[in-house]
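# Residue-level structure breakdown
For reference, the chains in residue letters:
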Amino acid sequence: MEIQPAEQALISRKRTIRILFGLFIGLLIGFTLFSNTLKSLTLPKVALITVEQGELVHTFKGGGTVKWRMESALSGAAGGKVKQVNVKVGDLVKKGQALVVYDTKDIENQILDEKAALDKLTISTKELENRYIEAYRNGDEMSIEGARNDLAVSSIDKDVLQRKIQKLQEDLSVNGTLTAPFSGIVTKVGAVEGVDSTGEAPEIVIANQSLGFDFEFLVPADAIGLLEKGAKLDVQLSGSNARQIEGRIEEIQDAEPLTQPGEGAIQMKYTAMKRLIVVVQDAALQGGERADVELTKTTKDVILVDNKAIHNEGDKTYIFGMEERTGPLGNAFYVRKQYITIIDSNETQSAVTEGIFSQQQIILESSDPLQEGDKIRVH
């Protein structure tokens, strides 16, 4: 009977020890979990996105000012006074039509003077011929030689006067009237009646209406896609008479590359450029309108990645993926760097062909800068 209380006390002490040990283990686990929770709050916080396969649409907008494809600036001879202006802006003219008539009184009087001088020389030449005949009859060798020389000089003077008169008549024909070199429309009139022509400033500007209008603009070479000479485009006109018309690519020319500062080891980035010349025909066009074109290039069957998730390392490009690892206290997530190959980009997305697979989750943004192997928390 005396042994039972001792045994009960021993059993009670063992029970107490087990309880205390259990409480200790529980507290230890609790503190460990709490410590891990606190530590996880200090980890970089990241946002994930899931990449998908699709098509990248690359849109480029460009444009220029509509102008006549062919304009000719015409001027009269310097010093000619404008007598009459026969056209105004907007007039349709035919090839050879007189546009401006100049006062040619001075050159006409000069021609009359030179003709009078030629008539006088003709009369004097006849007298020289009579002297030569008389000297020949008399047999005076010295007189014959003198008369022959006088006739030769007179003939030279006569040729000079005739050429001068011919030149003045040609000038009268050419400079007396400013004519249209081709059929077209008058786009500018600078000639003023009663004012002398300077021979420099255009007095009439005429456009070849049959050739229509064009405009040009620069575009990145990779935005042209399969466009070629002769391809048709939708052209949007701005202004009070805004509307859409059809344009046609007349020329695709090489242009100077576009340069901009690079990143890392790349000091300068070069973008190959092309100059597009687009022809437009529309009865209401006058020139000076703003014309805009939207070019669309589609790259199919690529993985699309948000540009905010892409990083550069020298001449390489990469994204941050995520690796999940199983541990005794649960799963943990770590950063994994993946190099990728980009074939095209627009303002928001890039087309990737290597280094990533569809439906993969990648890191879009992070609260702190990341490196390969960093432990992260996902939200």
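Further up the page is the structure itself.
Residues numbered from 1 in each chain as written. Predicted model: local features only at pLDDT ≥ 70, side-chain atom pairs only at ≥ 80, totals over all residues. Heavy atoms only, no water.

### A short note on the overall build of the protein
- Looking only at helices and strands, the protein has four helices and 22 strands in total.
- Counting across all 379 residues of the protein, residues that qualify as buried make up 30%.
- Within the protein, residue pairs in contact and separated by at least 24 positions form 73% of the contacts whose partners lie at least 6 positions apart.
- On the protein, roughly 24200 Å² of surface is accessible, and the fraction owed to carbon and sulfur atoms is 52%. (Helix = DSSP H or I, 4+ residues; strand = E, 2+ residues; numbered from the N terminus. Buried < 20%, exposed > 50% of the residue type's maximum accessible area, 1.4 Å probe, protein only. Contact = heavy atoms within 4.5 Å. Areas by Shrake-Rupley, 256 points an atom, 1.4 Å probe, with all protein chains shown as cover.)

### A few points about the pairing of strand β12 (residues 232-237)
- Burial along β12 is one-sided: L233, V235 and L237 are buried, while K232, D234 and Q236, pointing the other way, are not.
- Here β12 pairs with strand β15 (residues 290-306) via three bridges, running antiparallel. If you follow Q236 over to β15, its bridge partner there is D292. (Pairing = 2+ DSSP bridges.)

### Observations concerning the pattern of salt bridges
- Taken as a whole and judged by the stated rule, the model has 17 salt bridges.
- With a closest N to O distance of 3.2 Å, K164 and E114 form a salt bridge. Residue K164 is located in helix α3 (residues 141-175), and its partner E114 is located in helix α2 (residues 105-138); the two are separated by 50 residues in the primary sequence.
- The class for K164 is partly exposed, based on a relative accessible area of 38%.
- By relative accessible area, which is 13% here, E114 ends up buried.
- Salt bridges sharing common partners tie together R69, R248 and E250. (Salt bridge = Lys/Arg side-chain N within 4 Å of Asp/Glu carboxyl O.)

### So, the side chain of Q360
- For Q360, the position within the fold is in the loop between β20 (349-354) and β21 (361-366).
- When residues no more than four places from it in sequence are discounted, the contact partners of Q360 are I49, T50, V51, G321, R336 and Q338.

### Remarks on the sheet that holds strand β6 (residues 92-93)
- Across the sheet, which stays open at both edges, the four strands sit in the order β4-β10-β9-β6 with antiparallel pairing between neighbours. Each having just a single partner strand, β4 (71-74) and β6 make up the two edges of the open sheet.
- Sheet topology places strand β9 (residues 184-189) next to strand β10 (residues 204-207); four bridges connect them, and they run antiparallel. Paired with I185 across the strands is A207, a residue of β10.

### Regarding the packing of aromatic side chains
- All chains considered together, the criterion is met by four aromatic pairs.
- Ring geometry for F215 against F217: centres 6.1 Å apart, planes inclined by 15°, an arrangement best described as stacked. Accessibility classification places F215 together with F217 in one group, the buried group.
- Counting every residue linked through ring pairs, the aromatic cluster contains Y318, F320 and Y339. (Phe/Tyr/Trp six-rings, centres within 6.5 Å; stacked < 30°, edge-to-face > 60°.)

### A few points about the nonpolar core
- Counting 24 residues, the largest nonpolar core has V66, F215, F217, V219, V235 and V280 as the members making the most contacts within it.
- No other element matches strand β11 (residues 213-220), which puts four residues into this core.
- The residues touching F217, leaving out its near neighbours within four places in the chain, are F60, G62, G63, K274, R275, L276, V278 and V293.
- V82, V93, A191 and I206 belong to the second largest nonpolar core, which has 15 residues in total. (Core = buried A, V, L, I, M, F, W, Y, C linked by side-chain atoms within 4.5 Å.)

### Overview of the side chain of S154
- As for its position among the elements, S154 is in helix α3.
- Those residues in contact with S154 that lie beyond four places of it in its chain are L121, T125 and L128.

### Structural notes on the environment of L227
- Note that L227 resides in the loop between α4 (221-224) and β12.
- Sequence-wise, L227 and I252 are 25 residues apart; in three dimensions their C-alpha atoms are separated by 9.1 Å.
- Beyond its immediate chain neighbours, meaning those up to four positions away, L227 contacts L233, I249, I252 and L295.

### Describing the environment of L304
- When you line up the elements, L304 lands in strand β15.
- Leaving out residues up to four positions away in the same chain, L304 has contacts with V51, E52, G54, E55, L56, Q349 and S350.

### Things to note about the sheet that holds strand β5 (residues 81-85)
- Spatial ordering of the open sheet is given by β5-β7-β8, a layout of three strands whose pairing is antiparallel. This sheet does not close on itself; its edge strands, each paired only once, are β5 and β8 (177-179). In this sheet, adjacent strand axes meet at a mean angle of 25° when their direction is disregarded.
- As paired strands, strand β7 (residues 98-103) and β8 are joined by three bridges and run antiparallel to one another. Within β8, the position partnered with A98 by the bridge is T179. (Axes fitted to C-alpha atoms, helices over the stretch in contact; angles between N-to-C directions.)

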